[in-house]
Amino acid sequence: FVRDYVFPMFRSNALYEGVYMLGTSIARPLIAKRQIEIAMETGADAVCHGATGKGNDQVRFELGYYALKPDIRVIAPWREWDLGSRTSLIQYAESNGIEVPASKKSGAPPYSMDANLLHISYEGNILEDPWAEPEDDMYTRSVSPEEAPDTPKYIELEFEKGDPVAIDGVKYSPAAMLTKLNELGGENGIGRCDIVESRFIGMKSRGVYETPGGTILLQARRAIESICLDRGQMHMKDELMPKYAELLYNGFWWSPEREMLQAAIDDTQKFVSGVVRLKLYKGNVMVTGRKSKYSLYDEEVVTFEEDSVYDQTDAQ
């Protein structure tokens, strides 16, 4: 999941509508792929998903199914059965002996949550009012910034060809890397995001997300790219990023246009290698240093002091 989906997405620095790190969106292509693989292994003629008729996931799953097996049949109970609300769904589950956890405080139905190695999302309940502040006990992956340690945590994140490979000199596999970054971010109150987003089907929705490791990774990636990519590459990547993010958000991971953009993005990462030093403190990720053997930054050229390598009259 991290190697084949999360890291390729992060190479684009993707943010949907400038803020959403696509933690739910990027998980759907892999789930759809595995469902189709199992259907083909077992000879099944249909696959099923539990997404509602209001959300993005129905589109993401089904575009994945049809891209990989166009003749597959899709069963979507939320759209086909008499399930008009979360309450009726919970009643159906309980009548069939399926336990559904309730709020520890009120006994009310839980938030609608989606969790994977990159993030966890929360929707529903009081979050349906965009003015209501989330309760702190809702969060599961991070302490609040107010409760985070009073001492900053410094780390050095090493990159090879655009992907993180080591923290403080210790090598990690992709999954272990994201797990460690999640731990570091969560401990320091990093990665909470409260947004209202534009769903593909035409409505606005409010979601709260925790993406501790991804928040650290995105900041560090921008820092290492700032010294390894030239101006044209950086600016072109930033122009392509919103389209790439929109494709992922809307479920077009398997589309030829996403693959075309991915090829261009990956090509820019050939020399994005080096180390970024970060300061993690009470919800903040601050870049305090960056270095690379491929760095385009030249201190001799840029200095405000006297130098022998740049003739300022050339600026005329």
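Residues numbered from 1 in each chain as written. Predicted model: local features only at pLDDT ≥ 70, side-chain atom pairs only at ≥ 80, totals over all residues. Heavy atoms only, no water.

A.B. asks: Even after reading the chapter, I still don't get the overall build of the protein chain, so can you show me in this structure?
C.D. replies: Tallying secondary structure elements over the protein chain gives 10 helices and 11 strands in all. Projected onto the principal axes, the alpha-carbon positions of the protein chain cover approximately 80 × 50 × 40 Å. Approximately 16,900 Å² of the protein chain is accessible, and the part contributed by carbon and sulfur atoms is 52%. Of the charged side chains in the protein chain, 35 are positive and 50 negative, and the gap between their average positions amounts to 4 Å. (Helix = DSSP H or I, 4+ residues; strand = E, 2+ residues; numbered from the N terminus. Areas by Shrake-Rupley, 256 points an atom, 1.4 Å probe, with all protein chains shown as cover. Lys, Arg positive; Asp, Glu negative; His and termini not counted. Charge placed at Lys NZ, Arg CZ, Asp CG, Glu CD.)

A.B. asks: Looking at this structure, I do not really get the sheet that holds strand S9 (residues 204–210). What am I missing?
C.D. replies: Backbone hydrogen bonds are what pair the strands of a sheet, in a parallel or an antiparallel way. The four strands lie next to each other as S3-S4-S9-S8, forming an open sheet whose pairing is antiparallel. The open sheet is flanked by strand S3 (112–115) and strand S8 (192–198), the only strands paired with a single partner. Mean inter-strand twist for the sheet, computed between neighbouring axes without regard to direction, equals 25°. Examined bridge by bridge, S3 and strand S4 (residues 120–123) share four bridges and lie antiparallel to one another. Note that in S4 the partner of Met-113 across the bridge is Tyr-122. (Pairing = 2+ DSSP bridges. Axes fitted to C-alpha atoms, helices over the stretch in contact; angles between N-to-C directions.)

A.B. asks: Where do I start with the sheet that holds strand S5 (residues 153–160) in this structure?
C.D. replies: Taken together, the five strands give an open sheet; going across it, the order is S7-S6-S5-S10-S11, and neighbouring strands pair in antiparallel fashion. Because the sheet does not close on itself, it has two edges, and the strands there are strand S7 (170–171) and strand S11 (284–291). Note that S5 and strand S10 (residues 274–281) share seven bridges and pair antiparallel. From the neighbouring strand, Ile-155 faces S10, where its bridge partner is Leu-278. Set on the sheet, helix H7 (residues 212–228) makes contact with S5, strand S6 (163–167), S10 and S11; between it and S11 the angle comes to about 30°. (Contact = heavy atoms within 4.5 Å.)

A.B. asks: How should I be thinking about the pairing of S4 in this particular structure?
C.D. replies: Remember that side chains alternate between the two faces of the sheet whenever the strand is regular. Adjacent in sequence and paired antiparallel, S3 and S4 are bridged by four residues. Bridge count for S4 against S9 is three bridges, and the pairing is antiparallel. In the sheet register, Ile-120 faces S9, and the bridge partner there is Glu-210.

A.B. asks: Please clarify how the environment of Phe-1 should be interpreted in this entry.
C.D. replies: Note on placement: Phe-1 falls in the segment before helix H1 (2–10). Residue classification places Phe-1 among the partly exposed residues on the basis of a relative accessible area of 27%. For the pair Phe-1 and Pro-29, spaced 28 residues apart in sequence, the C-alpha to C-alpha distance is 9.7 Å. Non-local contacts of Phe-1, meaning those with residues more than four positions away in its chain, are made with Val-6, Ile-26, Ala-27, Leu-30, Asn-116, Leu-117 and Leu-118. (Buried < 20%, exposed > 50% of the residue type's maximum accessible area, 1.4 Å probe, protein only.)

A.B. asks: Teacher, can you tell me more about the packing of H1 against helix H6 (residues 174–187) here?
C.D. replies: Two quantities define a packed helix pair, namely the angle between the axes and the distance from one axis to the other. Across the interface, H1 lies against H6 with an axial gap of 9 Å and an inter-helix angle of 55°. What the angle tells us is that H1 and H6 run oblique. Crossing angle aside, the handedness with which H1 passes H6 is left-handed. Side by side, H1 and H6 meet where Val-2, Arg-3, Val-6 and Phe-7 of the first sit next to Pro-174, Ala-175, Met-177 and Leu-178 of the second. Looking at the contact of H1 with H6 residue by residue, the classes come out as seven nonpolar, no polar and one charged. (Parallel < 35°, antiparallel > 145°, perpendicular 65-115°, else oblique. Left-handed = near helix turned anticlockwise from the far one by under 90°. Nonpolar A, V, L, I, M, F, W, Y, C, P; charged D, E, K, R; others polar.)

A.B. asks: Would you take a moment to explain the pattern of salt bridges for this structure?
C.D. replies: A side chain of one charge can pair with a side chain of the opposite charge if their charged atoms are brought near each other. With the rule as written, the count across this model stands at 23 salt bridges. One salt bridge connects Lys-69 with Asp-71, and the closest N-O pair in it is separated by 2.8 Å. Residue Asp-71 is classed as exposed on the basis of its relative accessible area of 60%. With its nearest N and O atoms 3.3 Å apart, the salt bridge here joins Glu-183 to Lys-180. Of the two residues, Glu-183 and Lys-180 both sit in helix H6, three residues apart, roughly one turn of that helix. Accessibility expressed as a relative area gives 40% for Glu-183, which makes it partly exposed. For Lys-180, a relative accessible area of 23% gives the class partly exposed. Each member of the salt-bridge network shares a partner with another, and the members are Arg-28, Asp-57, Arg-60 and Asp-114. (Salt bridge = Lys/Arg side-chain N within 4 Å of Asp/Glu carboxyl O.)

A.B. asks: I tried to follow the packing of aromatic side chains on my own but got confused; where do I start?
C.D. replies: A ring pair, where both rings are aromatic, is described by two values, the distance of the centres and the angle of the planes. Per the stated rule, a full pass over the model turns up 10 aromatic pairs. In this structure an aromatic cluster arises from ring pairing among Tyr-16, Tyr-20, Tyr-209 and Tyr-249. Of note, Arg-192 hangs over the ring of Tyr-139, and the distance from its end group to the ring centre comes to 3.7 Å. The cationic tip of Arg-258 hangs over the ring face of Trp-253; the distance from NZ or CZ to the ring centre is 3.6 Å. (Phe/Tyr/Trp six-rings, centres within 6.5 Å; stacked < 30°, edge-to-face > 60°. Lys NZ or Arg CZ within 6 Å of the ring centre and 35° of its normal.)

A.B. asks: Help me understand the environment of Val-287, please; the structure alone is not making it clear to me.
C.D. replies: When you line up the elements, Val-287 lands in strand S11. Exposure remark for Val-287: the relative accessible area of 29% places this residue in the partly exposed category. C-alpha of Val-287 to C-alpha of Tyr-16: the two residues are 271 residues apart in sequence and 23 Å apart in space. Setting aside residues up to four positions removed in sequence, Val-287 forms contacts with Gln-219, Ala-223, Val-276, Arg-277 and Leu-278.

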